[in-house]
Amino acid sequence: MKKFNLLFILVLSAFLVFSCSSNDDDEELADTDSSTVQDADNSTDTVPDETSNDEDQTDTASENNDSDTSDPTDDSDTSDTAITDNDITDTDDDPDTTQDSGDSQPDKDPTDPTPDSGDSQPDENPADPTDDSDTDTSDDDPEIIIPDIPVVFGNICTGQTKCYSETAEITCPAEGEPFFGQDAQYAKKGTCIPQKFTVKGSGDEKIVFDENLKLEWQQKITKNVDWQHASEECAKEYAGSYGWRLPTPKELLSIVDNGKSDPAINTDLFPGTNDEWFWTSADFASTADSDLNKAWFVRFDKGFLSHKSKTESEKMHVRCVRGTILPEGEFETRTIGGDEVVKDSLTGLIWQKTYKDGVKKFADALSTCEDLDYAGFTDWRLPNKNELASIANYAKYRPASDFPGMPNWTFRTSTTDTKTNSSAWYVIFSESIVNPYAKTNSDSVRCVRREK
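Scoring rules and cut-offs
- Residues numbered from 1 in each chain as written.
- Predicted model: local features only at pLDDT ≥ 70, side-chain atom pairs only at ≥ 80, totals over all residues.
- Heavy atoms only, no water.
- Buried < 20%, exposed > 50% of the residue type's maximum accessible area, 1.4 Å probe, protein only.
- Helix = DSSP H or I, 4+ residues; strand = E, 2+ residues; numbered from the N terminus.
- Arc of directions from axis to C-beta.
- Contact = heavy atoms within 4.5 Å.
- Polar contact = N/O pair within 3.5 Å; in protein donor to acceptor, adjacent residues only side chain to side chain.
- Pairing = 2+ DSSP bridges.
- pLDDT = per-residue confidence, 0-100.
- Disulfide = S-S within 2.5 Å.
- Lys, Arg positive; Asp, Glu negative; His and termini not counted.
- Salt bridge = Lys/Arg side-chain N within 4 Å of Asp/Glu carboxyl O.

Let us now look at helix α5 (residues 227-234). Turning to α5, its buried residues number three or more, namely Trp227, Ala230 and Cys234. Buried residues of α5 fall within an arc of 35° about the axis and therefore sit on the same side. Looking at the buried side of α5, the elements it contacts are β6 (222-225), β7 (277-283), β8 (294-299) and β10 (316-318). The N-capping residue of α5, defined by a side-chain oxygen 3.2 Å from the backbone nitrogen of glutamine 228, is aspartate 226.

Next comes the structure, spelled out in structure tokens:
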């Protein structure tokens, strides 16, 4: 019995020892699993935090970049509007995206005209890769630059576009070279207003409207009419209206194009114009017996102005006009630095009061004005045909001008006769005939400039 009890005690003790060892292992295992789960939980918490931080950093970078390219007074978050179909990392370099978001500031230096080579957006104006604007301001027609000067006859360009020597056409010379200072060269500099016409109406009775002088011209002409019937032709209805009249000498000169000849006019605008005589409304003001019963005309082979008898045998053509009659010049003499100048308030031109006689060559006439230092100014030039004709007054005679102290001499212009290049245009102020003569003639020079 004692042996049995002892054996029972030994077995029970062994069982208790085994049980205690098993519990310790289970607790250790449980502790290990708990630690693993906790570490996993910590890891799970850490990963999203790092990802969140990355996203926050990305958003912050985007906001920082946006703030660099946006109005500094705008505190709004523009990161959403900066996102396009491109990768977000490319957005910051995309100037078009910034413009699309309404950002008023460019992403690059606005003084740098070079487009961003990394720009993945197509240029909105493929014709001009340096143009970042959203608005296409291109025009199919070349812009006509009109100088800011009074729109009157004396400021309308003659139409001459080429340069000439004493005898032939040449390449336009540079300043300081012989023959510099011609009509075409100053026209390109904007000293005059280019002719500008539009055609209105349809059928056989179209109207040509002078956009500069606001005159309406009959496109259709009446041929071979004597003076007595010329005014009657203009009194007739044309294009469904009345109020037409014969043009004044300066009005008819205003549609001459001295870049052309035979005829000296734009025949696309004025088709059917031949190179013959056209009546004006002005009587010749001379009271000499031999000059009585004469009227002024313009001949369109070259565009010269002279006078002829009003007899029935003298047949000319008629092109009628409608609108306010062109005004005459108004002159004021001033003394500047001891030199006298004359300002025409109509054109705004400043004229040299004195003049030089006996200038024999075209080149010398040009250089006389180019080299002139007068009244403290050195920007004098030889006047073109229209400028010089503008100071004539066809209601007067010997001189036919209101210009103070005008002599009855012949004065030169910078305009060459495109039909005969060895001739240039002159105005004879005893009568104010406008005619081409040989460039070798010995005549007077009066220079002109524009007040700035």
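Pairing is antiparallel in the open sheet, where 4 strands are placed in the order β3-β4-β5-β11. Looking along the sheet, the strands with just one partner apiece sit at the ends: β3 (197-200) and β11 (321-322). Summarising the sheet, β3 and strand β4 (residues 207-210) pair through 4 bridges and their orientation is antiparallel. Bridged to valine 199 within β4 is valine 208.

With that settled, the discussion passes to the pairing of strand β12 (residues 331-336). Alignment of β12 against strand β13 (residues 339-344), held across 6 bridges, turns out to be antiparallel. When the sheet's bridge partners are listed, phenylalanine 331 is paired in β13 with aspartate 344. The turn joining β12 and β13, which pair antiparallel and follow one another in sequence, is formed by 2 residues; a positive phi near 60° is taken by glycine 337.

This brings us to the environment of aspartate 443. Here aspartate 443 lies in strand β19 (residues 443-445). Put simply, aspartate 443 and lysine 361 are 82 residues apart on the chain and 9.0 Å apart in space, counted from C-alpha to C-alpha. Those residues in contact with aspartate 443, other than ones at most four positions away along the chain, are Lys356, Asp357, Gly358, Val359, Thr410, Arg412 and Tyr426.

Attention now goes to helix α7 (residues 362-370). In terms of burial, α7 is largely enclosed, as 7 of its 9 residues are buried. Within the sequence span of α7, burial applies to Phe362, Ala363, Ala365, Leu366, Thr368, Cys369 and Glu370. Packing partners of the buried residues in α7 comprise β1 (163-164), α4 (183-188), β15 (356-359), β16 (410-416), β17 (423-428) and β19.

In this model, the protein chain carries an average pLDDT of 78, and 68% of its residues clear a pLDDT of 70 or more. For the stretch residues 16-142, pLDDT sits under 50, and the model shows 59 contacts to residues farther than four places along the chain or on other chains.

Following the criterion strictly, the structure yields 4 disulfides and no others. Sulfur-sulfur distance for the disulfide between cysteine 157 and cysteine 192 comes to 2.0 Å. Judged by the torsion about the S-S bond (100°), the cysteine 157/cysteine 192 disulfide is right-handed. Here the residue cysteine 157 occupies a position in the loop between α3 (95-100) and β1, and cysteine 192 occupies one in the loop between α4 and β3, the gap between them amounting to 35 residues. Here cysteine 157 matches cysteine 192 in class, with each residue buried. A sulfur-sulfur distance of 2.0 Å marks the disulfide that ties cysteine 234 to cysteine 320.

A few words now on the side chain of aspartate 344. Position of aspartate 344 among the secondary structure elements: in strand β13. Buried and unpaired, aspartate 344 has no salt bridge, with lysine 250 as the nearest side chain of opposite charge at 7.3 Å. In terms of polar contacts, aspartate 344 uses its side chain to reach the backbone amide nitrogen of leucine 346, at 2.9 Å. Excluding residues that lie within four positions of it along the chain, aspartate 344 makes contacts with Gly329, Glu330, Phe331, Leu349, Trp351 and Ile391.

On the secondary structure map, threonine 354 appears in the loop between β14 (349-352) and β15. Under the relative-accessibility criterion, threonine 354 is labelled partly exposed at 39%. Note: C-alpha distance between threonine 354 and glutamate 340 (14 residues apart in sequence) is 7.4 Å. Look past the residues within four positions of threonine 354 in its chain and what remains in contact with it is Tyr374 and Arg446. Separated by 3.2 Å, the side chains of threonine 354 and glutamine 352 make a polar contact.

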